[in-house]
Amino acid sequence: MTRIAFKPSRGDGTPRRARTPVRAGTRHRLFASTAVFVLLASGCAVSTQQEVELGQNYSAEINKQLKLMNDPEIVRYINLLGDSLTRLADDRSLNWTFYVVDSKEVNAFAVPGGFIYVNRGLIERTTRMSQLAGVLAHEIGHVTMRHSVKQMQTAQRANAGLTLACILTSVCESQVAGAAVQLGGGALFAKFSRDDEAEADRAGISFLVSARIDPRGIPEMFRILLNERASRPGGLDSWFSTHPLEEDRVKATEAEIARIPAAQLRGMSNDSERFQQFKRRVASS
Ligand SMILES: [Zn+2]
């Protein structure tokens, strides 16, 4: 069986989005130490409210375990840059929060509900604003496309053999029919499929264009990372293990961008003094 039919979400007031069927069979390691999932015999789709509650819980847990950069100027800038993208990208009015993780490793990830994390190691490798904006736009794309939520539904279905699973929230508590199951393990949302990555790239490009930020920052960032891998094999293993990235993905983003009229691209911003100040601040903190 390769497809899951999603049940329509209940009337929680969230806008209905076109749902793409999720492929079953791919195995993903899920999930948070504190997130409790309840497998429902009746099955239920994950609403935006449930997604936000899950994200808040998980993000709170991450924030206890990871060292974040709390310098007010760093916090302010990353949220300013992120919000310039979400303002136009998000049609669910999520409450977005952007964090800089104090880790030299190159990484960035998104938690459902609107929590985006980017490591200082990645920021230190950027040379201009549009590259960091590209990373944020891509991660925002994972959230707006609900890739993790879909993975969760797929994985739980695969694990339990039930039609769909549901996060324990007040919304679906009343429908709880099965036993609570705690899915252990720390690596959540560890890996997206190539299709998800490509979809997040395309979404990211469109968010950047809407925000008048040069989308060429996305392939530029890819090339920075690919070049580093070539010159220092193994150095970026953690990034490449969770972000499938090969030449064809870079080419695909370049082809997507090539469809944008050159005159339009010329007017877009790709750097700012404020970004360079932010970068220096990160480097010296
Ligand atoms: Zn991704």
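Every value quoted in this text rests on a predicted model; they were computed, and no experiment measured them. (Residues numbered from 1 in each chain as written. Predicted model: local features only at pLDDT ≥ 70, side-chain atom pairs only at ≥ 80, totals over all residues.)

Trainee: Please provide a residue-by-residue account of the overall build of the protein chain, values included.
Mentor: Scanning the protein chain from N- to C-terminus turns up twelve helices and six strands. Residues classed as buried in the protein chain amount to 40% of the 285 residues present. Put simply, 76% of the contacts in the protein chain that link residues at least 6 apart link residues at least 24 apart. (Helix = DSSP H or I, 4+ residues; strand = E, 2+ residues; numbered from the N terminus. Buried ≥ 20, exposed ≤ 12 C-beta atoms within 10 Å, placed from the backbone. Contact = placed C-beta atoms within 7 Å.)

Trainee: Hey, could you go over helix α12 (residues 273-284) for me, with residue numbers and the actual values?
Mentor: Between its first and last C-alpha, α12 extends 16 Å over twelve residues, near the 16 Å set by a 1.5 Å rise per residue. Where α12 is concerned, the buried positions are Phe275, Phe278, Lys279 and Val282. When α12 is viewed along its axis, its buried side chains cluster within an angular range of 100 degrees and face the same direction. Projecting away from the buried face of α12 at angles above 90 degrees are the exposed residues Glu273, Gln277, Arg280 and Ser284. Summarising the contacts, the buried residues of α12 are in contact with α2 (72-89), β2 (97-101), α3 (120-125) and α4 (129-144). (Expected span 1.5 Å × (residues − 1). Arc of directions from axis to C-beta.)

Trainee: A description of the environment of Phe222 should follow, citing residues and the corresponding values.
Mentor: Along the chain, Phe222 falls in helix α8 (residues 217-231). Residue Phe222 is classed as buried on the basis of its 24 C-beta neighbours within 10 Å. In the structure, Phe222 is positioned 27 residues away from Arg249 in sequence and 8.7 Å away in space, judged by C-alpha atoms.

Trainee: Explain the confidence of the model for the protein chain to me, and be specific about the residues and the numbers.
Mentor: Averaged over every residue, the pLDDT of the protein chain is 77; residues scoring 70 or more account for 71%. The least confident element of the protein chain, judged by mean pLDDT, is strand β6 (residues 180-182) at 27; the most confident is α12 at 98. With pLDDT under 50 throughout, residues 1-43 is counted as low confidence; its partners more than four residues away or in other chains account for 97 contacts. (pLDDT = per-residue confidence, 0-100.)

Trainee: Which residues make up the sheet that holds β2, and what values do they have?
Mentor: The mixed open sheet is built from three strands, whose spatial order is β2-β4-β3. Each edge of the sheet is formed by a strand with only one pairing partner; in this case those strands are β2 and β3 (108-111). Neighbour-to-neighbour, the strand axes of the sheet open up by a mean angle of 20 degrees, direction not taken into account. Pairing of β2 with strand β4 (residues 115-119), which is carried by five bridges, proceeds in the parallel orientation. Paired with Tyr99 across the two strands is Tyr117, which belongs to β4. (Pairing = 2+ DSSP bridges. Axes fitted to C-alpha atoms, helices over the stretch in contact; angles between N-to-C directions.)

Trainee: Can you tell me about unusual backbone geometry, naming the residues and giving the values?
Mentor: Here Ser93, not a glycine, exhibits a phi torsion of approximately 50 degrees, which is positive. Among the secondary structure elements, Ser93 is positioned in the loop between α2 and β2. Ser93 sits in the exposed class, given 11 other C-beta atoms within 10 Å. In this structure, Arg212 takes a positive phi of about 65 degrees despite not being glycine. Residue placement: Arg212 occurs in the loop between α7 (194-210) and α8. Residue classification places Arg212 among the exposed residues on the basis of 12 C-beta atoms within 10 Å.

Trainee: Residue-level account of the nonpolar core, with values.
Mentor: One finds Leu85, Val100, Ile116, Val118, Ala133, Leu136 and Ile140 to be the most contacted residues of the largest nonpolar core, which totals 47 residues. Of all the elements, α4 adds the most residues to this core, at eight residues. Excluding anything up to four places from it in sequence, Ala133 contacts Leu81, Leu85, Leu208, Ile213 and Gly217. (Core = buried A, V, L, I, M, F, W, Y, C linked by C-beta atoms within 7 Å.)

Trainee: If you had to explain the packing of α2 against α12 to someone new, which residues and values would you point to?
Mentor: Here α2 crosses α12 at 135 degrees, and the two axes come no closer than 10 Å. Comparing the axis directions of α2 and α12 gives the class oblique. Of the two elements, α2 crosses α12, and the hand of that crossing is left-handed. Counted together, Glu73, Ile74 and Tyr77 of α2 and Arg274, Phe278, Arg281 and Val282 of α12 form the full contact between these two elements. Taken together, the residues of the contact of α2 with α12 break down into four nonpolar, no polar and three charged. (Parallel < 35°, antiparallel > 145°, perpendicular 65-115°, else oblique. Left-handed = near helix turned anticlockwise from the far one by under 90°. Nonpolar A, V, L, I, M, F, W, Y, C, P; charged D, E, K, R; others polar.)

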